[in-house]
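Chain and residue survey
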Amino acid sequence: MVGPLDEYPLHQAPLPVTWPASSDRNFYDRCYFNAHDRTGDLFLITGLGYYPNLGTKDAFLLLARGGKQTALHLSDLCDDDRLNQHVGGYRVEVEEPLQRIHLTIEETEGIAADLTWEGSFPVLQELPHVLRSGARVTLDAQRFAQVGTWSGHVDVDGERIEVTPDRWVGTRDRSWGIRPVGEAEPAGAPADPPFDGMWWTYVPMRFEEYAVVLILQEDPSGYRTLNDCHRVHADGRVEQLGWPRVQVHYASGTRKPTGATITCTNGRGEEVRLEVSSLLAAPLHVGGGYGGDPDWAHGMWKGEKFVERLTYDMADEAVQGRFMFGCVDHVGRAVLHEGGQEAEGWGLFEHFAIGRHDPSGFADWFATAP
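Residues numbered from 1 in each chain as written. Predicted model: local features only at pLDDT ≥ 70, side-chain atom pairs only at ≥ 80, totals over all residues. Heavy atoms only, no water.

1. Quick look at the overall build of the chain
Let me state the cut-off plainly: Helix and strand labels come from DSSP, where a helix needs a run of H or I of at least four residues and a strand needs a run of E of at least two; each type is numbered from the N terminus. In this setup the radius of gyration rests on C-alpha atoms only. A globule is expected at 2.2 Å times the number of residues raised to 0.38. Relative accessibility thresholds used throughout: buried, under 20% of the residue-type maximum; exposed, over 50%; partly exposed, between the two (1.4 Å probe, protein chains only). In what follows, residue pairs with any heavy atoms lying within 4.5 Å of each other are defined as contacts. The method behind every accessible area is Shrake-Rupley, applied with a 1.4 Å probe, and residues are considered shielded solely by the protein chains displayed.
Each helix and strand counted, the chain has one helix and 23 strands in total. Scaling as 2.2 N^0.38, a compact globule of 370 residues should have a C-alpha radius of gyration of about 21 Å, and the chain matches this with 20 Å. Oriented by its inertia axes, the alpha-carbon framework of the chain measures out at about 55 × 55 × 45 Å. Looking at the chain residue by residue over its 370 residues, the buried ones come to 54%. Taking all contacts inside the chain whose residues are at least 6 apart in sequence as the whole, residues at least 24 apart take part in 60%. Of the accessible surface of the chain, which amounts to about 16,600 Å², a share of 53% is contributed by carbon and sulfur atoms.

Take a look at the structure:
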């Protein structure tokens, strides 16, 4: 109900701040982080979310390394103390808004962490993201993104992984609004036209002098429904990079990308080309709780003080078969070519092509690259 935030002039509706203005069951407010040491040997992905209209909150951690993906899940009843973001022993503290975040995990199922995020450049407010199914809004979200560095450590089964900002980089975002969460809803009448695919590419990259953040979505015909590509400079300037052209490079016989060539245009009309490569893939729907994950779904009621740890063998054929039906995050390396110069960047290469996508040559749900 009424809580600490209500002491401040923050209200956007005649309601306590912790009550969403929308009564849609799918209202959410979530943070996402990733971290890696640029080698492709290890990828850590984690986040925390509140789902007040479902009465739940939860957090997760994925650790991909050595051919396995370990997932830690925590869930509990939602609370109104949003200045104290925590689920069980998982805690997110905002030490300096939009700049420095402290993330800690008390020892839980053999996993613990003490990590501090430092933003390398100002956050970028991305374009609003809206999707409909017939008359209904199924996604209406606002998000900001940032690239940065990490310091601290992660402990796994007694092994300590030291995290230093000279090597450890990553990206983060915070988003809120409406998106499918929790248990599946009754379907109602079939949508017209029926859903037969979606193509998505999200590439936030950290370079020494700037960040590049690209987010694109296309329907099965290749019609672009979201186009957002910017370069963020240290002094806060935000430069549009036009209408990017993207060629994703898939391994033959799969939909697993090995990289992508992304061609943009700077403010002077000159070509900016990013050659992106994947060093390590971590499917978010294998223990991460994102769309299609059979083991864990964000916002789902699992009971009070719920905790579990799961480990997946990425060579398992059953796990391999799930790759092309969900969103996959990759440790990404990029080389940016502009004006005869090159710059090296590191960050996230996130991609999926689910179902039909004509520009990629995918005619149906099971088509793969030649």
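2. Some remarks on the layout of surface pockets
For clarity, the cut-off: Cavities and pockets were defined on a 1 Å grid built over protein atoms only: a cavity is a set of grid points that admits a 1.4 Å probe from which the probe cannot escape, a pocket is an open set flanked by protein on both sides within 12 Å along at least five of seven lines, and lining residues are those with an atom within 4 Å of any such point. Grid points are joined across faces, edges and corners, and a volume is the space filled by probe spheres set on the points. Polar here means any residue other than Ala, Val, Leu, Ile, Met, Phe, Trp, Tyr, Cys and Pro, which are nonpolar, and Asp, Glu, Lys and Arg, which are charged; Gly is therefore polar.
Put simply, the second largest pocket is a space of about 1,100 Å³. Counting only elements with at least two residues in the lining of the second largest pocket, the list comes to β1 (27-35), β6 (90-96), β11 (136-156) and β13 (169-178). Of all the elements, β13 adds the most residues to the lining of the second largest pocket, at five residues. For the lining of the second largest pocket, the class distribution of residues is 23 nonpolar, six polar and five charged.

3. Points about the sheet that holds strand β18 (residues 245-250)
Applicable threshold: In this scheme, strands are said to pair when DSSP sees at least two bridges between them. Note on definitions: angles span 0 to 180 degrees between N-to-C directions of axes, and those axes are lines fitted to C-alpha atoms, for helices only across the stretch in contact.
Strand order in the open sheet made by the nine strands is β17-β16-β15-β14-β23-β22-β20-β19-β18, with antiparallel pairing throughout. Two strands bound the open sheet, and with one partner strand each, they are β17 (238-240) and β18. Strand-to-strand twist in this sheet, taken as the mean axis angle between neighbours without regard to direction, amounts to 20°. Bridge analysis of strand β14 (residues 197-206) against strand β15 (residues 210-218) gives eight bridges, and the strand direction is antiparallel.

4. Describing the pairing of β11
The element β11 is largely enclosed, with a buried count of 15 among its 21 residues. Pairing between strand β8 (residues 111-119) and β11: nine bridges, direction antiparallel. When the sheet's bridge partners are listed, W117 is paired in β11 with W150. Pairing of strand β9 (residues 124-125) with β11, which is carried by two bridges, proceeds in the antiparallel orientation. Within β11, the residue paired with L124 across the bridge is A145. In this structure, β11 lies alongside β13, joined through 10 bridges in antiparallel fashion. Bridged to Q142 within β13 is W176. Pairing analysis gives five bridges linking β11 to strand β12 (residues 159-163), with the strands arranged antiparallel. Note on β12: the bridge partner recorded for H153 is E162. Counted between consecutive antiparallel strands, the loop separating β11 from β12 contains two residues, among which D157 sits at a positive phi close to 50°.

5. Some words on the nonpolar core
Formally: Here, nonpolar core means buried Ala, Val, Leu, Ile, Met, Phe, Trp, Tyr and Cys residues that are tied together by side-chain atoms lying within 4.5 Å of each other.
Core analysis: the biggest nonpolar cluster contains 36 residues, and F43, I45, W200 and Y202 have the highest contact counts within it. By size, the runner-up hydrophobic cluster in this structure holds 28 residues, among which are Y50, V92, V154 and W168.

6. Regarding the packing of aromatic side chains
Under the convention used in this document: Two aromatic rings from Phe, Tyr or Trp, using only the six-membered ring of Trp, form a pair when their centres are within 6.5 Å; if the ring planes differ by under 30 degrees the pair is stacked, by over 60 it is edge-to-face, and anything between is tilted. Whether a charge sits over a ring depends on NZ of Lys or CZ of Arg being within 6 Å of the ring centre and within 35 degrees of the ring normal.
A complete count under the given rule lists 10 aromatic pairs for this structure. For the ring pair F144 and W176, a centre distance of 6.3 Å and an interplane angle of 65° mean the geometry is edge-to-face. On the criterion of sequence distance, the pair formed by F144 in strand β11 and W176 in strand β13 is long-range, its members being 32 residues apart. The exposure class assigned to F144 is buried, which follows from its relative accessible area of 15%. Members of the aromatic cluster, connected to one another through ring pairs, are F33, W117 and W150. Sitting over the face of the ring of Y28, R179 holds its NZ or CZ atom 5.5 Å from the ring centroid. The positively charged end of R255 is found above the aromatic ring belonging to F362, 4.0 Å away from the centroid.

7. Considerations on empty space enclosed by the protein
Any empty space left between atoms is shown by rolling a water-sized probe over those atoms. Considering all chains together, one arrives at two cavities of 30 Å³ or more under this definition. Put simply, the largest cavity is a space of about 110 Å³. Listing elements by their share of the lining of the largest cavity, those giving two or more residues are β22 (328-338) and β23 (341-355). Here the lining of the largest cavity takes three residues from β23, the largest share from any one element. Class assignment of the residues belonging to the lining of the largest cavity gives a composition of eight nonpolar, three polar and two charged. The volume enclosed by the second largest cavity comes to roughly 30 Å³. Around the second largest cavity, the lining residues are F121, P122, L124, A145, Q146, V147, A211, V213 and V232. When contributions to the lining of the second largest cavity are tallied by element, the ones reaching two or more residues are β11 and β15. Looking at the lining of the second largest cavity, the element that brings in the most residues is β11, giving three residues. Taken together, the residues of the lining of the second largest cavity sort by class into eight nonpolar, one polar and no charged.

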